[in-house]
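Given next are the chains, with one letter for each unit.
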Amino acid sequence: IRRDRYQRAGLELGWTGEIVATAGYQLTVINSNSYGQSQVRHRIMASATTELIDQLFGTVTATLQIDQYPDGLLVANDLQHQEFTNLEDENRSSLQVRIARALTSAWSLETRGAIWRDLGNPGAAAFRRELVYAGVIYSH
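All of the points below concern the structure found in this document. All values derive from a computational prediction rather than experimental measurement.

The topology assignment puts S94 in strand β5 (residues 93-102). S94 has contacts with T61, A62, T63, I115 and W116, leaving out every residue within four places of it along the chain.

In structure tokens, the structure reads:
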């Protein structure tokens, strides 16, 4: 019978002034009696939002995530087929920039740019993602 124990603890601090800033840390530990399924994840996050000019607000968010596998990774016994790539190892380290301006109490314009990179496992398949977005937001 497989048994997993999932534990997560975190701390987040916020400051409000001319800049609204937050910083946080999360620790996630998954203990499993199934070999290769245990994991320790460290995530550090920071974000800052400020008015740039004339009701135009900018937000920068950075996340650093490091995943560790206490059991190691499984390797096949067949010498010709030893390649092993854990796609779950795709981590969430990112840098994001968002600029927004309210048009009315319900409508706003927003642009966003973001990059994600796998910083914790250089030997595995490279994980890269980029996002550029512009849109209109309605919130009621």
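In this section: the side chain of Q39. Locating Q39 in the fold gives a position in strand β3 (residues 39-53). Residue class for Q39 comes out buried when judged on its relative accessible area of 12%. Contacts of Q39, omitting those with residues within four sequence positions, involve T28, V29, I30, D67, Q68, Y69 and P70.

With that out of the way, let us pick up the packing of aromatic side chains. Applying the stated criterion to the full structure yields 1 aromatic pair. Sitting over the ring of W116, R129 keeps its end group 5.9 Å from the ring centre.

Of the strand pairs in this sheet, β3 and strand β4 (residues 56-68) are connected by 13 bridges, and their pairing is antiparallel. Note on β4: the bridge partner recorded for R43 is Q65. Strand direction decides the pairing type here: β4 and β5, joined by 8 bridges, are antiparallel. Opposite G58, over in β5, you have I99 as the bridge partner.

Here we come to a nonpolar patch on the surface. On the surface, a nonpolar cluster with roughly 560 Å² of combined accessible area is contributed by L52, I53, V60, L95, V97, I99 and I115. No other element matches the 3 residues that β5 contributes to the nonpolar patch. One can find I53 in strand β3.

This paragraph deals with the sheet that holds strand β6 (residues 107-117). The 7 strands are arranged β1-β2-β3-β4-β5-β6-β7 in an open sheet whose pairing can be described as antiparallel. Edge positions in the sheet fall to β1 (4-16) and β7 (128-138), since each of these pairs with one other strand and no more. Across this sheet, the average inter-strand angle for adjacent strands is 10°, counted without regard to direction. For β1 and strand β2 (residues 19-32), the ladder comprises 13 bridges, and the chain directions are antiparallel. Bridged to W15 within β2 is A21.

It is worth spelling out the pattern of salt bridges at this point. This structure, assessed with the given rule, holds 6 salt bridges. Between R98 and E110 there is a salt bridge, and its shortest N-O distance comes to 2.3 Å. Residue R98 is found in strand β5, and its partner E110 is found in strand β6; the two are separated by 12 residues along the sequence. The closest approach of N and O atoms between E110 and R112, which form a salt bridge, is 3.3 Å. We classify R112 as partly exposed; its relative accessible area is 28%. A single network of salt bridges, built from pairs that share partners, joins R98, E110 and R112.

Procedures and definitions
Residues numbered from 1 in each chain as written. Predicted model: local features only at pLDDT ≥ 70, side-chain atom pairs only at ≥ 80, totals over all residues. Heavy atoms only, no water. Helix = DSSP H or I, 4+ residues; strand = E, 2+ residues; numbered from the N terminus. Contact = heavy atoms within 4.5 Å. Buried < 20%, exposed > 50% of the residue type's maximum accessible area, 1.4 Å probe, protein only. Phe/Tyr/Trp six-rings, centres within 6.5 Å; stacked < 30°, edge-to-face > 60°. Lys NZ or Arg CZ within 6 Å of the ring centre and 35° of its normal. Pairing = 2+ DSSP bridges. Patch = residues over 30% accessible without salt bridge, like charges linked within 9 Å, V, L, I, M, F, W, Y side chains within 5 Å. Areas by Shrake-Rupley, 256 points an atom, 1.4 Å probe, with all protein chains shown as cover. Salt bridge = Lys/Arg side-chain N within 4 Å of Asp/Glu carboxyl O. Axes fitted to C-alpha atoms, helices over the stretch in contact; angles between N-to-C directions.

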